[in-house]
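Here is how the chains run, residue by residue.
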Amino acid sequence: MSALPLQSLWSVTAPPGPVCSALSGAQRAQAAVIGGGYTGLSAALHLAEAGRDVVVLEAAEIGERASGINGGQVIPGVKQDPDALEAMLGPYAGGRLVATAAAGPDLVFTLIAKHGIQCEATRTGWIQPATSEAALAQLARRAEQWWRRGARVDLLSRNEVLQLTGSALYCGGLLDRRGGTVQPLAYVRGLAQALIAAGGRIHTQSPALRLARVTGAWSIETPEGSVTAPVVILATDAYTDAVNDELRRTVVPVPSFQVATAPIPAPLRSTILPGGQAASDTWHLLRYFRLDGTGRLVLGSRGSFAQTPTTHDAQSHYRAVHEIYPQLKGIAFEYHWGGPVAMTRDHLPHLHELAPGLLAGLGYNGRGVAMATVMGRLLARRALGAPVVELGFPVTPVLPLPLHSLSSVGARATIQYLRCVDGLARVGARLRAHTLFRV
Ligand SMILES: Cc1cc2nc3c(=O)[nH]c(=O)nc-3n(C[C@H](O)[C@H](O)[C@H](O)COP(=O)(O)OP(=O)(O)OC[C@H]3O[C@@H](n4cnc5c(N)ncnc54)[C@H](O)[C@@H]3O)c2cc1C
């Protein structure tokens, strides 16, 4: 199986980011952030806007990791439905978490407008097309739960999903009007520009190698420098490394892989997601798809755990595109890329206070565009002294996963199992359709 040339579509269409240099020498700051993705930059931006002197240390370049390579789907809420969260955490804490996470898209689109970030932002909603009647029943419950909380989330008929997505594959769905899309790399680069404009410092190619408590502060060492600050925020998500090994063991990185077609010719393009929404369907190994600003279809799904994705990985994504949109057969695929998504055991993002002045936020389970931006603001608020009870999000102890080193084996096995479950469901659906036609 031959290796695949990997390049993200976003890296070709995003405006350039700020020019940053590596940290050298000893610096001081009122707050230091490790990790320059949405979490870290949102935290730093909110701190800088509150008048704090803040420095961000990024191991790579801005947007080289998840925040610059994702699907750009701005999704409200977390994985669990509102009622389930209230049952899990109690009506008060659960209700506040539901409200905090639901407001994610508001924060994203407000920041984009406030800082004039050019990132192809659209806010025409997010669609969940249903792959089975059972999934549609679950979506109906979800819509009803959001309606009860005053959110405009509509249940869609088969025909409405066909009109909105241009795909005849689905039996109904849900439209959440709070969601939307961004060009993810342009968004993260825009946050970095906004931070610099607000007086923040960013050092790229500056991996934090060691983090230690020194008198009344924290000291971070990088290959060529150091930063001392009373407050440090760890914003490293799926890339969390030995700088905090306990934190690293709270998440399991699971690969997600995306493909993008060539620009779709105009008459055909107008049949696909004509309202500009993003969609994530209800298979266990869900497929997420959208158009970009150049009229390419971008589709992502679980990737393989291979070090380098192969043409085999790409083929399964091509099949998914053609299953959803048979009309796209013959359109070339021009970009292939992917990266790890940080999953947690309870499928919730986590905010931790590891020690006085040492905070962390991570584990977005594939829903980080909005939620990581929100997490950044929560971390900034806490760093500025907001009491935990006023955050609207639980601060939880760090609980490394037992047998974490085996977790990727477990994740692989689970993904294979779910692939089989989805495969059998597809065969069942085809057989039912065949029988219906013959009756
Ligand atoms: C392929 C893919 C598709 C996705 N699609 C979507 C989507 O459509 N919608 C959605 O809501 N979410 C999506 N997600 C999830 C979303 O991208 C992430 O949840 C989000 O970007 C996390 O942001 P972050 O800032 O916490 O982490 P990241 O963006 O990963 O940033 C962490 C940063 O920390 C840096 N770092 C790590 N260790 C160190 C160190 N020691 N020193 C300095 N820096 C360090 C890394 O280099 C990295 O830049 C997707 C993720 C992937 C991978």
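Look up a bit, the structure's there.
Owing to the predicted nature of the structure, the values given are computational and were not obtained by experimental measurement. Every chain begins its residue count from 1, and numbering advances along the sequence as written. At least 70 in pLDDT is required for a residue's local features to be given in this predicted model, at least 80 for side-chain atom pairs to be given and counted, and no such filter applies to totals for whole chains, interfaces and linings, which use all residues. As a rule here, side-chain values come from all non-hydrogen atoms in the structure, and water together with hydrogens is ignored.

Focus: the overall build of the protein
If you tally the helices and strands in the protein, you get 14 helices and 20 strands. With the principal axes as the frame, the protein shows a C-alpha extent of 80 × 50 × 45 Å. Counting contacts in the protein only where the partners sit at least 6 residues apart, residues at least 24 apart contribute 75% of the total. In the structure as shown, the protein presents an accessible area of about 18,400 Å², 58% of it carried by carbon and sulfur atoms. Only DSSP runs of H or I covering at least 4 residues are called helices, and only runs of E covering at least 2 are called strands; the numbering of each starts at the N terminus. Contacts are assigned to residue pairs with any non-hydrogen atoms lying within 4.5 Å of each other. Working definition of accessibility: Shrake-Rupley area with a 1.4 Å probe, residue cover restricted to the visible protein chains.

Comments concerning the pairing of strand E20 (residues 358-362)
Side chains on a regular strand alternate between the two faces of the sheet. Burial analysis of E20 places five of its five residues in the buried class, the great majority of the element. Of the two faces of E20, the one holding Leu-358, Ala-360 and Leu-362 and the one holding Leu-359 and Gly-361 are both buried throughout. Both strand E13 (residues 231-234) and E20 contribute to a ladder of three bridges, which runs parallel. Of the residues in E20, the one forming a bridge with Val-232 is Leu-358. Hairpin geometry of strand E19 (residues 350-355) and E20 is characterised by an intervening segment of two residues between the two adjacent antiparallel strands and by a positive phi of about 80 degrees at Gly-357. Exposure categories follow from relative accessible area, calculated using a 1.4 Å probe and restricted to protein chains: below 20% of the type maximum is buried, above 50% is exposed, and the middle band is partly exposed. We call two strands paired when DSSP finds no fewer than two bridges between them.

Structural notes on the side chain of Thr-204
In this fold, Thr-204 is placed in the loop between strand E9 (201-203) and strand E10 (210-214). Accessibility expressed as a relative area gives 2% for Thr-204, which makes it buried. If we ignore the near neighbours within four places in the chain, the residues touching Thr-204 are Cys-20, Ser-21, Ala-22, Leu-23, Glu-58, Ala-60, Glu-61 and Ile-62.

Focus: the site of the ligand
The rule for a residue being near a molecule or strand is that one of its heavy atoms must lie within 4 Å of it. In the region of the ligand, 37 residues are neighbours, and Thr-39, Glu-58, Ser-67, Gln-73 and Ala-208 sit closest. Here an oxygen atom of the ligand sits 3.4 Å away from a polar atom, N or O, in the main chain of Ala-66. Between N or O atoms, a polar contact is any pair within 3.5 Å; within protein, one atom must be a potential hydrogen donor and the other a potential acceptor, and residues adjacent in sequence are included only when both atoms are from side chains. The side chain of Ser-67 places a nitrogen or oxygen atom 2.5 Å from an oxygen atom of the ligand. Starting from 1,000 Å² of accessible surface for the ligand in isolation, the protein chains cover 97%.

Quick word on the sheet that holds strand E7 (residues 173-176)
Taken together, eight strands build an open sheet; the order of strands is E6-E7-E5-E15-E16-E17-E14-E18 and the sheet is mixed. Of all strands in the sheet, those with a lone pairing partner are strand E6 (153-156) and strand E18 (333-343), marking the two edges. In this sheet, adjacent strand axes meet at a mean angle of 20 degrees when their direction is disregarded. Alignment of strand E15 (residues 278-280) against strand E16 (residues 288-291), held across two bridges, turns out to be antiparallel. Counterpart to Ser-280 in the pairing with E16 is Tyr-288. Between the N-to-C directions of two axes lies an angle of 0 to 180 degrees, each axis being a line fitted to C-alpha atoms and, for a helix, fitted only over the stretch in contact. Seen against the sheet, helix H7 (residues 133-148) touches strand E5 (126-129), E6 and E7 and runs at an angle of roughly 155 degrees to E6.

Notes on the side chain of Asp-281
Along the chain, Asp-281 turns up in the loop between E15 and E16. His residues and chain termini do not enter the charge count, which takes Lys and Arg as positive and Asp and Glu as negative. By convention in these notes, a salt bridge is any Lys or Arg side-chain nitrogen within 4 Å of a carboxyl oxygen on Asp or Glu. Summary of buried charges: Asp-281 has no salt-bridge partner, and the nearest side chain of opposite charge, Arg-287, is 4.7 Å away. Only 3.4 Å separates the side chain of Asp-281 from the backbone nitrogen of Trp-283, close enough to count as a polar contact. In this view, Asp-281 contacts Pro-129, Thr-131, Tyr-170, Leu-286 and Arg-287; residues no more than four positions away in its chain are not counted.

Everything listed here is a matter of coordinates, which is why it stays silent on function.
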